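Close look at the chain arrangement
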Amino acid sequence: MEQSEQNVKKQRPVHLDLQTIRFPATAIASILHRVSGVIMLFAVGILIWLLSESLASAESFAGIQSLFDTFIVKFVVWGILTALGYHLIVGLRHLIMDTGRWEELESGNASAKAAFVIAAAWSIIAGIWVW
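Residue numbers here run from 1 along each chain, matching the order of that chain's written sequence. In keeping with the predicted nature of the model, local features appear solely for residues at pLDDT of at least 70, side-chain atom pairs appear and are counted solely at 80 or more, and the whole-chain, interface and lining totals rest on all residues. Side-chain calculation: all heavy atoms of the structure are included, whereas hydrogens and water are not.

**Remarks on the UniProt feature "transmembrane region" (unreviewed entry) in the chain**
What UniProt calls "transmembrane region" (unreviewed entry) maps, in this numbering, to residues 31-51, 71-89 and 110-130. For the purposes of this entry, the term helix denotes a DSSP run of H or I that reaches at least four residues, the term strand denotes a run of E that reaches at least two, and both are numbered from the N terminus. Across residues 71-89 one finds 100% helix and 0% strand; the C-alpha atoms that close the span lie 27 Å apart. UniProt positions are given in the numbering used here, feature names are shortened, and annotations may be inferred rather than shown by experiment.

Written out as structure tokens, the structure is:
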């Protein structure tokens, strides 16, 4: 084993303390974009089931309509709308970055923070609409 290889192995941390690692806003935006995509994958199943049941008959439509009076269903729908809005907003940010804009550290962080603010505003609007 070479001397430089031994030095590298000695400098590596034995374990990572995940509580002390600070991700930049751009990394958080990217990770949450993926999480919101996974949420939407499962949400599609819920929404298709709700649509299918509501179209089956007048009675099943009334049953689905009465479901929307419960807190848990309203909360799930609000969560789906929040995930959809976040995914759309940050997806547009990624599309803009694909054109070569906002790729520098400062503008990337600023656009990620702006996306968080817009997504939070969308979440509040969706919550008001659902409730």
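So much for the structure itself; the text now carries on.
**Concerning the nonpolar core**
Counting residues in hydrophobic clusters, the biggest one holds eight residues: Ala25, Ala29, Tyr86, Ile89, Val90, Ala112, Ala115 and Ala119. Listing elements by their share of this core, those giving two or more residues are α2 (25-56), α4 (71-98) and α5 (105-130). Those residues in contact with valine 90 that sit more than four places away from it in its chain are Ala29, His33 and Ala115. In this description, a nonpolar core means a group of buried Ala, Val, Leu, Ile, Met, Phe, Trp, Tyr and Cys residues linked to one another through side-chain atoms lying within 4.5 Å. Burial here depends on accessible area, computed with a 1.4 Å probe over protein chains only, as a share of the maximum for the residue type. Under 20% is buried, over 50% is exposed, and the range in between is partly exposed. Val73, Val77, Ala126 and Val130 belong to the second-largest nonpolar core, a separate cluster that totals five residues. Residues are treated as being in contact if the distance between any of their heavy atoms lies within 4.5 Å.

**Section: a nonpolar patch on the surface**
What goes into a patch is any residue over 30% in relative accessible area without a salt bridge, connected to like charges within 9 Å or, for nonpolar side chains (Val, Leu, Ile, Met, Phe, Trp, Tyr), within 5 Å. The Shrake-Rupley method, run with a 1.4 Å probe sphere, supplies the accessible areas, and residue values consider only the shown protein chains as cover. When a carboxyl oxygen of Asp or Glu lies within 4 Å of a side-chain nitrogen of Lys or Arg, that pair is called a salt bridge. There is a patch of nonpolar side chains on the surface, built from Leu16, Leu18, Ile21, Phe23, Ile28, Ile31, Leu32, Val35 and Ile39 and spanning about 820 Å² of accessible area. As for its position among the elements, leucine 32 is in helix α2.

**Considering the packing of aromatic side chains**
Working definition: a ring pair exists when centres of Phe, Tyr or Trp rings (six-membered ring for Trp) sit within 6.5 Å. Plane angles under 30 degrees give stacked, over 60 give edge-to-face, the rest tilted. All told, the structure shown has five aromatic pairs when counted by the stated rule. Ring centres of phenylalanine 75 and tryptophan 78 lie 5.6 Å apart, and the angle between their planes is 40 degrees; on these two criteria the pair is classed as tilted. In this pair, phenylalanine 75 and tryptophan 78 are both assigned in helix α4, three residues apart and thus about one turn of the helix distant.

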